[in-house]
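# A look at the structure
Now for the letters of each chain:
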Amino acid sequence: WSIVIAQIFFVLTYIVLASSKSFKGFLFASFIFGLACAFISGSRQALLYDTSKKLKKTNLHTKITSNEYVIFSIAGIIGAYFGPRFFDLNVYYPAYISIAFFAISILVALFFIKI
């Protein structure tokens, strides 16, 4: 659940950024972002480790974790390239795009939960 809560906070962060036009809004969004980071910190790695342990494939944990870092690095590079271009079109476009991707990630994270 920690991952799902973090993704919800990430969406809220960008909703506040996209709808706010003041420094107070930016500060509030930063506070929400901090909460999201606190919830996500270590939870993905713990999920990967617990899953690999349950499947009795703990030797794959390091490989999967490194692949995760590669994927996040590629996403960061793509975001760093396209983010300023979208910002030039409209200052809120990067926030809108982030909201869409984090909303999708909530749905993906819900598949991790065994109900």
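As shown above, the structure is provided for reference.
Presented here is an overview of the structure given in this document. (Residues numbered from 1 in each chain as written. Predicted model: local features only at pLDDT ≥ 70, side-chain atom pairs only at ≥ 80, totals over all residues. Heavy atoms only, no water.)

Looking only at helices and strands, one finds five helices and zero strands in the chain. Taken from N to C terminus, the helices and strands of the chain fall in the order α-α-α-α-α. With the C-alpha coordinates of the chain rotated into their principal frame, the extents come out at 50 × 30 × 20 Å. Sorting the 115 residues of the chain into buried and exposed places 25% on the buried side. Considering only contacts in the chain between residues 6 or more positions apart, those separated by 24 or more positions represent 64%. Here the chain displays about 8,300 Å² of accessible surface, and carbon together with sulfur accounts for 74% of that area. (Helix = DSSP H or I, 4+ residues; strand = E, 2+ residues; numbered from the N terminus. Buried < 20%, exposed > 50% of the residue type's maximum accessible area, 1.4 Å probe, protein only. Contact = heavy atoms within 4.5 Å. Areas by Shrake-Rupley, 256 points an atom, 1.4 Å probe, with all protein chains shown as cover.)

Turning to the side chain of Ser20, a few remarks are in order. Here Ser20 lies in the loop between helix H1 (2–19) and helix H2 (23–40). A distance of 3.3 Å separates a polar atom in the side chain of Ser20 from the backbone nitrogen of Ser22. Residues contacting Ser20, with those up to four places away along its chain left out, are Gly25, Phe26 and Tyr92. (Polar contact = N/O pair within 3.5 Å; in protein donor to acceptor, adjacent residues only side chain to side chain.)

A few words on the nonpolar core. Within the largest apolar cluster, seven residues are counted, these being Ile3, Val4, Ala6, Phe10, Ala36, Ile40 and Ala109. Of all the secondary structure elements, the ones that give two or more residues to this core are H1 and H2. Sorting elements by how many residues they give to this core places H1 first, with four residues. Excluding residues within four positions of it along the chain, Ile3 makes contact with Ile40, Ser43, Arg44, Leu47, Ala109 and Phe112. Counting residues in each nonpolar core, the second largest holds six residues, with Val11, Tyr14, Ala18 and Ile106 among its members. (Core = buried A, V, L, I, M, F, W, Y, C linked by side-chain atoms within 4.5 Å.)

So, to be careful, I would describe these as geometric facts and stop short of saying anything about function.
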